[in-house]
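Listed below are the residues making up each chain.
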Amino acid sequence: MLCLFVMLIFTDTFSQEVFQVGEVKTVPGEKKSGYIIVPAGFDSGEVKVPVTVVNGTKDGPVLALVAGVHGYEYPPVLAMTKLSMELDPANIAGKVIIVHVANVPSFLKRTVYYNPYDWQNFNRVFPGKVDGSNSERIACQITTEVIDKCDYLIDNHCGDGNEDLMRYLYYTETGNPELDIKTKALAINFNLKVIVHETGRTKDIEKSMYVSNTALLRGKPAISTEVGKLGQTDESDVLEVMRGNYNIMKHLGMIDGEPDIRFESVWVEEYQIIRSEHPEGLYYPLVSRGDHVQKGQLVGYLTDYFGNRLQDVISPYDGIVLYIIATPPMSEGEPMVMIGRF
Ligand SMILES: [Zn+2]
């Protein structure tokens, strides 16, 4: 009886130390990779989301680093692989969950914006549904296995395969002062030159839509970052993603050193995304990422397949081009340009 009691205590102590994400179980001092299994559903078979967990030897927060929410955004995916190889649990306080590619079907089928099984934008379906479509089922697992288990989250994006995008990040203000201070500190310490101050995200926890908003509505500081463009894999973008994520780990005291701060960021307080109003067409951009544009300036236009002009894209104010679509295909409701002003 005593023996059983002692065993129960030991089992309990051991189980408290095990940190599990999907199939990956670690104890302090371990780094392991594996998968979060997303069960098959009505529209597809099983999906395996690759993750690495670095379980530090010292106490500290749980930081989730997510990439590949959009499957054609490569520098963050490449940076996550490098980070997972470099991070050593012996030098870490707390735990790092790395989601290498969240939207695996989009990554493998090379689709921009949409998941190829249900044609949903994966960053609009959170918190997901356990018995929903492919995107919703993956989102549900990311919510329960990653977002619910972390204390802080960085959602690493870049310009999608069709987006000529300058580096910037989104700071989402929630109205909860304590949370907003911590989130703002993440935004400043990730340290890109431009921060978009976002105030319009939904507060509905059942329809949180975005990965970072799902974390924020659960009280966890989170930002979305944008580094890279047009389906490219520039080394400078990969290194910039790594600098940002290392900065966050330093800021949170998870690794030694001070954040490498290179910019006093400028804040974009307002922005507009101008969308196509026509079922289909060819898009012609007239400016590039980072260009300063003036109110009333023609920044792009849409034609039909025969060259007839369908829609002019006019800048709504003096501002900066955060991204512009740089490839011809254009469907109704899709973004054509995002312009911000300071
Ligand atoms: Zn994205």
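Everything here concerns the structure above.
Residues numbered from 1 in each chain as written. Predicted model: local features only at pLDDT ≥ 70, side-chain atom pairs only at ≥ 80, totals over all residues. Heavy atoms only, no water.

**Q** Tell me about the overall build of the protein, and please be specific about residues and values.
**A** Scanning the protein from N- to C-terminus turns up 7 helices and 20 strands. Relative to the globule expectation of 20 Å for 342 residues, the C-alpha radius of gyration of the protein, 21 Å, shows essentially globular dimensions. Over its C-alpha atoms, taken along the principal directions, the protein stretches across nearly 85 × 50 × 35 Å. Among the 342 residues that make up the protein, the fraction classed as buried is 55%. For the protein, contacts bridging at least 24 residues in sequence account for 70% of all contacts bridging at least 6. Of the accessible surface of the protein, which amounts to about 15100 Å², a share of 53% is contributed by carbon and sulfur atoms. (Helix = DSSP H or I, 4+ residues; strand = E, 2+ residues; numbered from the N terminus. Rg over C-alpha atoms; globule rule 2.2 N^0.38 Å. Buried < 20%, exposed > 50% of the residue type's maximum accessible area, 1.4 Å probe, protein only. Contact = heavy atoms within 4.5 Å. Areas by Shrake-Rupley, 256 points an atom, 1.4 Å probe, with all protein chains shown as cover.)

**Q** Can you lay out helix H2 (residues 74–86) for me, pointing to particular residues and giving the numbers?
**A** Counted at 1.5 Å a residue, the expected span for H2 with its 13 residues is 18 Å, and the 19 Å between its end C-alpha atoms agrees. When H2 is considered as a whole, its buried residues turn out to be Tyr74, Pro75, Pro76, Val77, Ala79, Met80, Leu83 and Ser84. (Expected span 1.5 Å × (residues − 1).)

**Q** Account for the state of the cysteines, with residues named and values stated.
**A** Counted according to the given criterion, the structure contains 0 disulfides. Free cysteine: Cys140, not disulfide-bonded; nearest cysteine sulfur from Cys150 at 15 Å. Residue Cys150 is classed as buried on the basis of its relative accessible area, which comes to 1%. (Disulfide = S-S within 2.5 Å.)

**Q** Run through the side chain of Glu73, naming residues and quoting values.
**A** Here Glu73 is to be found in the loop between strand S5 (58–67) and H2. Notably, Glu73 is buried but unbridged: the nearest opposite-charge side chain belongs to Arg124, and the N-O separation is 9.1 Å. Here His70 takes part through its side chain, which lies 3.2 Å from a polar atom of the side chain of Glu73. Only 3.2 Å separates the side chain of Glu73 from the side chain of His157, close enough to count as a polar contact. Beyond its immediate chain neighbours, meaning those up to four positions away, Glu73 contacts His157, Cys158, Gly159 and Asp160. (Lys, Arg positive; Asp, Glu negative; His and termini not counted. Salt bridge = Lys/Arg side-chain N within 4 Å of Asp/Glu carboxyl O. Polar contact = N/O pair within 3.5 Å; in protein donor to acceptor, adjacent residues only side chain to side chain.)

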